[in-house]
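# A closer look at the structure
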Amino acid sequence: MTKSKSAIESLMGERGRLRTSHEMLKAALELEDRGPEFIPFYIAAANYMEAGMGRLDAQDIKMLARLAEKLGDATPEDEEIIAEVHRRLDGNREHLKKFLACRDALAADPSDSVSIADFESISNAYIDYIHNRMGHHAPSTDMARKLFEESDWVEIADIDPAYFTGEEKIYVSMLAVRPDRVPLGKDAEQYVAEYRRDKG
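A short tour of the structure in this document, coming up.

Rules of the game
- Once a new chain begins, its residue numbering starts again from 1 and follows that chain's sequence as written.
- pLDDT decides what is reported in this predicted model: residues at 70 or higher carry local features, side-chain atom pairs at 80 or more are listed and counted, and totals for whole chains, interfaces and linings draw on all residues regardless.
- Neither water nor hydrogens contribute to the side-chain values; these are computed over all heavy atoms in the structure.
- Starting at the N terminus, helices and strands are each numbered in turn, a helix being any DSSP run of H or I of at least four residues and a strand any DSSP run of E of at least two.
- Based on C-alpha atoms, the radius of gyration is set beside the globule rule, defined as 2.2 Å times the residue count to the power 0.38.
- Contacts are assigned to residue pairs that have any heavy atoms within 4.5 Å of one another.
- Computed with the Shrake-Rupley method and a 1.4 Å probe, the accessible areas treat only the protein chains shown as cover for residues.
- For the purpose of charge, His is not counted, nor are the chain termini; Lys and Arg are scored as positive and Asp and Glu as negative.
- Where a charge lies is defined by one atom per residue type, namely NZ (Lys), CZ (Arg), CG (Asp) and CD (Glu).
- Buried residues are those whose accessible area, probed at 1.4 Å on protein chains only, stays under 20% of the maximum for their type, while exposed residues exceed 50% and partly exposed ones sit between those limits.
- To estimate how far a helix should extend, the number of its residues minus one is multiplied by 1.5 Å.
- Salt bridge, as used here, is a side-chain nitrogen of Lys or Arg placed within 4 Å of a carboxyl oxygen of Asp or Glu.

## Looking at the overall build of the protein chain
The number of helices and strands found in the protein chain is 8 helices and 0 strands. The secondary structure elements of the protein chain, listed N-terminal to C-terminal, are α-α-α-α-α-α-α-α. For the protein chain, the C-alpha radius of gyration of 18 Å lies close to 16 Å, the compact-globule estimate for 200 residues. Expressed along its principal axes, the backbone C-alpha trace of the protein chain runs to roughly 55 × 45 × 30 Å. Put simply, 84% of the contacts in the protein chain that link residues at least 6 apart link residues at least 24 apart. Summed over its atoms, the accessible surface of the protein chain is roughly 10700 Å², and 53% of this surface lies on carbon and sulfur atoms. Positive and negative side-chain charges in the protein chain, numbering 27 and 39 respectively, have mean positions lying 3 Å apart.

## Describing the environment of K62
Inspection of the secondary structure assignment puts K62 in helix α2 (residues 38-71). Of the residues examined, K62 reaches a relative accessible area of 28% and is grouped as partly exposed. A sequence separation of 91 residues divides K62 from W153, and the C-alpha atoms of the two residues are 9.8 Å apart. Excluding anything up to four places from it in sequence, K62 contacts E155, I156 and D158.

## Quick look at the side chain of E14
Relative to the assigned elements, E14 resides in helix α1 (residues 7-30). Beyond its immediate chain neighbours, meaning those up to four positions away, E14 contacts Y48, R55, Q59, A157, Y163 and F164.

## Section: α1
Because an α-helix completes one turn every 3.6 residues, residues spaced three or four positions apart along the sequence face the same direction. Here α1 contains 24 residues, and its C-alpha end-to-end distance of 35 Å stays within 8% of the 34 Å for a straight helix at 1.5 Å per residue. Of all 24 residues making up α1, 18 are buried, and the element is well covered by its neighbours.

## Some thoughts on the pattern of salt bridges
The full count for this structure, using the stated rule, is 17 salt bridges. Here R93 and D90 are joined by a salt bridge, their closest N and O atoms 2.6 Å apart. Taken together, the positions of R93 and D90, both in helix α3 (residues 76-108) and 3 residues apart, correspond to about one turn of that helix. Residue R93 is classed as partly exposed on the basis of its relative accessible area, which comes to 33%. Between R103 and D104 there is a salt bridge, with the nearest N and O atoms lying 2.9 Å from each other. Residue class for R103 comes out buried when judged on its relative accessible area of 9%.

Pasting the structure below:
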């Protein structure tokens, strides 16, 4: 019997799918001899990342507000942990804005060599930022695990069937235009399984 997912596991699944999108985009950008067949994938990956990063931002903002509420009179160390996540999110928004502007320019003229080069350059910079600054932040995660109950995670995760229906469509659309040479990222369910192992 398959174990049902908790709210935090649902959230981990979302972030796993988001990670597969930028893992595949990174893999595509590392290939040589990229032809016109890569352009629809670039655009589809950016569409998925736009939706996924929007969710991540909203969820993390709620998480940080809930952490501040739970902490009450926070220590300077705790305040710095929260401030660091806010800084990471601010940087992510700036990178995402540039990334989506390049996507829009590419979508407007998919054969324009300047738009293609700009998209690839900005994508590489954004993916580097994601990998270096938007990954697991142990201090805030540990704090949340200590302070939050399932009801907190339910509020933060915002499990919305209508959103998931739309998300699935753009995720499937991205996979449908993935060039054969681009490897699939790690399946989102692996992230949930790893979370369960780490949690014990």
